[in-house]
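# Examination of the molecular architecture
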Amino acid sequence: MIFDLQQFAIIVSWAATGAGLGLFIWSFVRESDAIRRLRFQDFAVVLMFGSVLLRVVAQTRPMTVFDWAWVVLSPLFIAAALWRLDRTSGLPGAGRR
C-alpha cells in the first residue's frame, strides 16, 4: 500500500469534522456555563469549517459554485470564531473548573 497524502488529509479532515460535531453536541448537552458553551461552539466552528475547507481544496474534481462559496465563506466564519475565542479568553467562565 502506497502512502497517499491527499487521502490522509481527507481522513484527518473527517476526524476533525467528527470532533467539531462532538464539541458542538457537548456544548448543548453537558455545558451549563454560557461562556464555556460559547467557547465550545466557537472551537467546533473552527474545526468543522476548517475541515470542510481542507476537503474542498484536496478534491480532484473541478470546483463547483458551491465549492467556491465554501472557499469564500469558510475563512470568514473561522476568523469570526477565532476572534470571539480571543475576546472570551480572559472571562471568568473561560478557564477550567
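Summarised in this report is the structure supplied together with it. (Residues numbered from 1 in each chain as written. Predicted model: local features only at pLDDT ≥ 70, side-chain atom pairs only at ≥ 80, totals over all residues. Heavy atoms only, no water.)

All right, on to the packing of helix H1 (residues 5-29) against helix H2 (residues 34-58) then. At a minimum axis separation of 8 Å, H1 and H2 run at an interaxial angle of 160 degrees. By the angle between their directions, the pair H1 and H2 is classed as roughly antiparallel. Crossing of H1 against H2: the hand is left-handed. A per-class count over the contact of H1 with H2 returns 17 nonpolar, 7 polar and 2 charged. (Axes fitted to C-alpha atoms, helices over the stretch in contact; angles between N-to-C directions. Helix = DSSP H or I, 4+ residues; strand = E, 2+ residues; numbered from the N terminus. Parallel < 35°, antiparallel > 145°, perpendicular 65-115°, else oblique. Left-handed = near helix turned anticlockwise from the far one by under 90°. Nonpolar A, V, L, I, M, F, W, Y, C, P; charged D, E, K, R; others polar.)

With that settled, the discussion passes to the pattern of salt bridges. Taken as a whole, this structure holds 3 salt bridges when the rule is applied. Between arginine 84 and aspartate 42 there is a salt bridge, with its nearest N and O atoms 2.6 Å apart. You can see arginine 84 sitting in helix H3 (residues 65-87) and its partner aspartate 42 sitting in helix H2, a full 42 residues away along the chain. For aspartate 42, a relative accessible area of 2% puts it in the buried group. Aspartate 67 is the partner of arginine 61 in a salt bridge, and the nearest nitrogen-oxygen pair spans 3.2 Å. Under the relative-accessibility criterion, aspartate 67 is labelled buried at 6%. (Salt bridge = Lys/Arg side-chain N within 4 Å of Asp/Glu carboxyl O. Buried < 20%, exposed > 50% of the residue type's maximum accessible area, 1.4 Å probe, protein only.)

A word on H2. In this model H2 runs 36 Å from its N-terminal to its C-terminal C-alpha over 25 residues, within 8% of the 36 Å that 1.5 Å per residue would give. Within the span of H2, buried status applies to Arg36, Gln41, Asp42, Ala44, Val46, Phe49, Ser51, Val52, Leu53, Arg55, Val56 and Ala58. On its buried face, H2 sits against H1 and H3. (Expected span 1.5 Å × (residues − 1). Contact = heavy atoms within 4.5 Å.)

Between H2 and H3, whose axes approach to 9 Å, the crossing angle comes to 155 degrees. On the basis of their axis angle, the class for H2 and H3 is roughly antiparallel. Seen from above, H2 lies across H3 with left-handed handedness. Here Leu38, Arg39, Asp42, Phe43, Val45, Val46, Phe49, Gly50, Val52, Leu53 and Val56 of H2 lie close against H3, whose contacting residues are Asp67, Trp70, Val71, Ser74, Pro75, Phe77, Ile78, Ala81, Leu82, Arg84 and Leu85.

Our next topic: the environment of serine 51. With respect to the element layout, serine 51 can be found in helix H2. Look at serine 51 and you get buried, because its relative accessible area is 3%. Once the C-alpha coordinates of serine 51 and isoleucine 11 are considered, the two residues, 40 residues apart in sequence, prove to be 9.8 Å apart. Setting aside chain neighbours within four positions, we find serine 51 in contact with Ser13, Ala16 and Thr17. At 2.6 Å, the side chain of serine 51 forms a polar contact with the side chain of threonine 17. (Polar contact = N/O pair within 3.5 Å; in protein donor to acceptor, adjacent residues only side chain to side chain.)

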